Amino acid sequence: MKQFSIGQKASCSKTFTETDVVLFAGLSGDFNPIHVDAEYAKQTKFKKRIAHGLLTSSLISQLLGMRLPGEGSIYLNQTMRFRLPVYIGDTVTASAMIKEINEEKNTITLVTECHNQYKQLVLEGEATLLTPAN
């Protein structure tokens, strides 16, 4: 736990492609037409297809599992609030900042956010992870 400090940050980015959305639909079974049907999506308030919210949030999983706190950590909980849609072709940056460290329980609580390429907040939340005992 000594390698962690309040305010410590990390981030990662990804551009979501047509392939990502189609593969996620197949993997999750979520074939909601807002994600997979361009003609349907044109009739919605979004005017075009949007990426799955959980596809967007998967960047947070990557960030927490691979960077901060990193390998061997285990998700205990995650809150999420979807603020804006993510469109196919958007580049999303997930970021996390340590808010709280509980050495007794080996847990870390982080503020999590995702922003699009225009710096708009598309997702916000908080995560608590169990860290490997060191």
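What counts, and at which threshold
- Residues numbered from 1 in each chain as written.
- Predicted model: local features only at pLDDT ≥ 70, side-chain atom pairs only at ≥ 80, totals over all residues.
- Heavy atoms only, no water.
- Helix = DSSP H or I, 4+ residues; strand = E, 2+ residues; numbered from the N terminus.
- Contact = heavy atoms within 4.5 Å.
- Areas by Shrake-Rupley, 256 points an atom, 1.4 Å probe, with all protein chains shown as cover.
- Buried < 20%, exposed > 50% of the residue type's maximum accessible area, 1.4 Å probe, protein only.
- Arc of directions from axis to C-beta.
- Expected span 1.5 Å × (residues − 1).
- Pairing = 2+ DSSP bridges.

It is worth spelling out the overall build of the protein chain at this point. Looking only at helices and strands, one finds 4 helices and 5 strands in the protein chain. The helix and strand sequence of the protein chain, counted from the amino end, reads β-α-α-α-α-β-β-β-β. Overall, the C-alpha framework of the protein chain stretches about 55 × 30 × 20 Å when taken along its three principal axes. Contacts in the protein chain between residues far apart in sequence, at least 24 positions, make up 66% of those at least 6 positions apart. Accessible surface computed for the protein chain: about 7,600 Å², of which carbon and sulfur atoms make up 53%.

It is worth spelling out unusual backbone geometry at this point. In this structure, the amide linkage connecting Leu68 to the following residue, Pro69, adopts the cis form with an omega of 5°. Residue position: Pro69 is located in the loop between helix 4 (53-66) and strand 2 (74-82). Positive phi outside glycine occurs at Lys119, with the angle close to 70°. Position of Lys119 relative to the elements: it lies in the loop between strand 4 (107-115) and strand 5 (121-130).

Taken as a whole, helix 1 (residues 18-28) has its buried residues at Asp20, Val21, Phe24 and Ala25. For helix 1, the angular spread of the buried residues around the axis is 130°, confining them to a single face. Within helix 1, the exposed residues directed more than 90 degrees away from the buried face are Leu23 and Leu27. In this fold, the buried residues of helix 1 make contact with strand 1 (9-15), helix 2 (33-36) and helix 4.

Attention now goes to helix 4. Between its first and last C-alpha atoms helix 4 spans 21 Å; for 14 residues at 1.5 Å apiece the expected length is 20 Å, and the two agree. Along helix 4, the residues that are buried comprise Leu55, Thr56, Ser57, Leu59, Ile60, Leu63 and Leu64. For helix 4, the secondary structure elements touched by its buried residues are strand 1, helix 1, strand 2, strand 3 (91-102), strand 4 and strand 5.

Of the pairings in the sheet, the one linking strand 2 to strand 5 comprises 8 bridges and is antiparallel in character. If you follow Arg81 over to strand 5, its bridge partner there is Glu124. The loop that links strand 4 with its antiparallel partner strand 5 comprises 5 residues; one of these, Lys119, has a positive phi angle of about 70°.

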